[in-house]
Amino acid sequence: MMESRGERLAATVAERELDCLLVTDLVNVRYLTGFGGTNGACVCGAEARVFLTDFRYTERAEAEVEGWGVITVEGDWLGEIATHLSGRSGFEDHKMAVRTLKNLEEKLSEGVELQGAGGMVEKLRRIKDSAELAAIAAAAELADEVWRWSLERGIAGRTELDVATAAEARMREQGAEPSFPAIVAAGPNGALPHAEPGKRTIGSGELVVFDMGAKLDGYCSDGTRTFATGEPGERAREIYQVVREAQEAALTRVHAGTKGESVYTVARDLIAAAGYGEHFGHGLGHGVGLEVHEGPRLSQRSDDVLATAEVVTVEPGIYLPGEFGVRIEDLVVVTDEGLRNLSGLPKDLLLVD
């Protein structure tokens with residue numbers, strides 16, 4: 001598997017008319033090689049593919065790295081990397097610090113020229129293989145179980161922070177990590193799209209935005225449901241229904257070949273038609289994989305075209321400052337003719353204790 005990823009990257013490197021690509025971002029290194037440590041880099045070209053690390057990770061690299069020659073660097077880290085670069089060498093200019101770049105350039109052999117080539121690995125990462133899809137699906141299922149567990153314990157009368165930290169602890173008990181800090185935002189706090197759980201006690205008759213994801217075997221999930229702690233009132237139900245319909249309309253637009261911008265527009269237009277356009281101010285979705293936010297993007301400014309086996313979120317929302325917010329988010333796999341939804345929780349407005 002890792003060998004095939006290296007081969008795909010080598011082909012892309014050749015298409016860009018580069019002799020090799022230096023990969024230093026650790027998420028990209030893990031994707032290509034399987035290495036999960038904190039110090040590693042790899043150089044990929046038509047002639048050779050090498051992975052570099054230091055003494056601390058020699059044994060781990062031998063166990064985890066597949067399809068790459070493993071080199072343990074004992075002295076000058078950048079100096080050793082430089083010896084494996086040749087000709088037009090690409091590097092991840094969107095990740096490498098300016099000082100690191102300057103130091104690397106000073107160590108290059110004559111005839112070696114560095115070329116900015118950021119985003120090449122991320123583009124490959126967008127298309128998931130069967131093992132990646134299985135890992136993401138497992139993470140999504142685990143998150144669904146934690147939501148059910150949280151609701152069984154009850155959320156009304158507890159603080160936002162208590163609900164969030166308990167959910168994260170439960171996730172760890174199940175062998176996962178949170179893919180991001182859980183968001184539990186009740187009442188007026190729900191109008192903050194990226195609210196931080198606080199010491200506010202969740203009251204009765206409030207809408208509660210609960211945004212959470214799990215990270216299992218290196219792969220992330222992401223999802224959101226909005227619950228009500230008792231009857232929230234007619235206006236809250238009306239807005240919830242608008243968001244629900246906007247999400248369903250956007251989901252029907254998801255399939256391979258569709259532009260991310262057009263999926264966003266479907267949801268945006270429906271929310272605007274209901275009179276709440278100014279209260280939906282973020283993108284509709286993003287890719288999920290080794291990172292919880294990656295390509296492609298579903299937004300007004302996106303040029304991305306969806307492809308089969310990409311995993312994206314679809315998450316419209318309406319946020320009324322000082323009152324409440326509603327967001328509904330599913331995690332879906334793009335298919336040739338539509339999607340496969342990995343989010344298992346129902347989307348009818350659920351009244352909970």
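I will try to describe carefully the structure that is included in this document. If you're wondering where the values come from, they're calculated on a predicted model, not measured in any experiment.

**So, the sheet that holds strand β6 (residues 113-116)**
- Taken together, six strands build an open sheet; the order of strands is β4-β3-β2-β1-β5-β6 and the sheet is mixed. Looking at which strands have only one partner, the edges of the open sheet turn out to be β4 (69-73) and β6. Pairwise comparison of adjacent strand axes, ignoring direction, gives a mean angle of 25° for this sheet.
- One ladder, built from four bridges, connects strand β1 (residues 20-23) with strand β2 (residues 41-45); its direction is antiparallel.

**What to know about the packing of helix α7 (residues 130-153) against helix α8 (residues 160-173)**
- Running from amino to carboxyl end, α7 crosses α8 at an angle of 135°, the nearest separation of the two axes being 10 Å. When the axis of α7 is compared with that of α8, the two are oblique. The handedness of the crossing between α7 and α8 comes out as right-handed. Here Leu142, Val146, Trp149, Ser150 and Arg153 of α7 lie close against α8, whose contacting residues are Ala166, Ala167, Arg170 and Met171.

**A word on the packing of aromatic side chains**
- Counted under the stated rule, the structure contains four aromatic pairs.
- Their ring planes at 55° and their centres at 4.8 Å tell us that Phe35 and Phe51 sit as a pair that is tilted. Note that Phe35 is positioned in the loop between α2 (26-33) and β2 and Phe51 in strand β3 (residues 49-54), a separation of 16 residues in sequence.
- Given the relative accessible area of 1%, Phe35 is considered buried.
- Classification of Phe51 by relative accessible area gives buried; the value is 0%.

What counts and how
Residues numbered from 1 in each chain as written. Predicted model: local features only at pLDDT ≥ 70, side-chain atom pairs only at ≥ 80, totals over all residues. Heavy atoms only, no water. Pairing = 2+ DSSP bridges. Helix = DSSP H or I, 4+ residues; strand = E, 2+ residues; numbered from the N terminus. Axes fitted to C-alpha atoms, helices over the stretch in contact; angles between N-to-C directions. Parallel < 35°, antiparallel > 145°, perpendicular 65-115°, else oblique. Left-handed = near helix turned anticlockwise from the far one by under 90°. Contact = heavy atoms within 4.5 Å. Phe/Tyr/Trp six-rings, centres within 6.5 Å; stacked < 30°, edge-to-face > 60°. Buried < 20%, exposed > 50% of the residue type's maximum accessible area, 1.4 Å probe, protein only.

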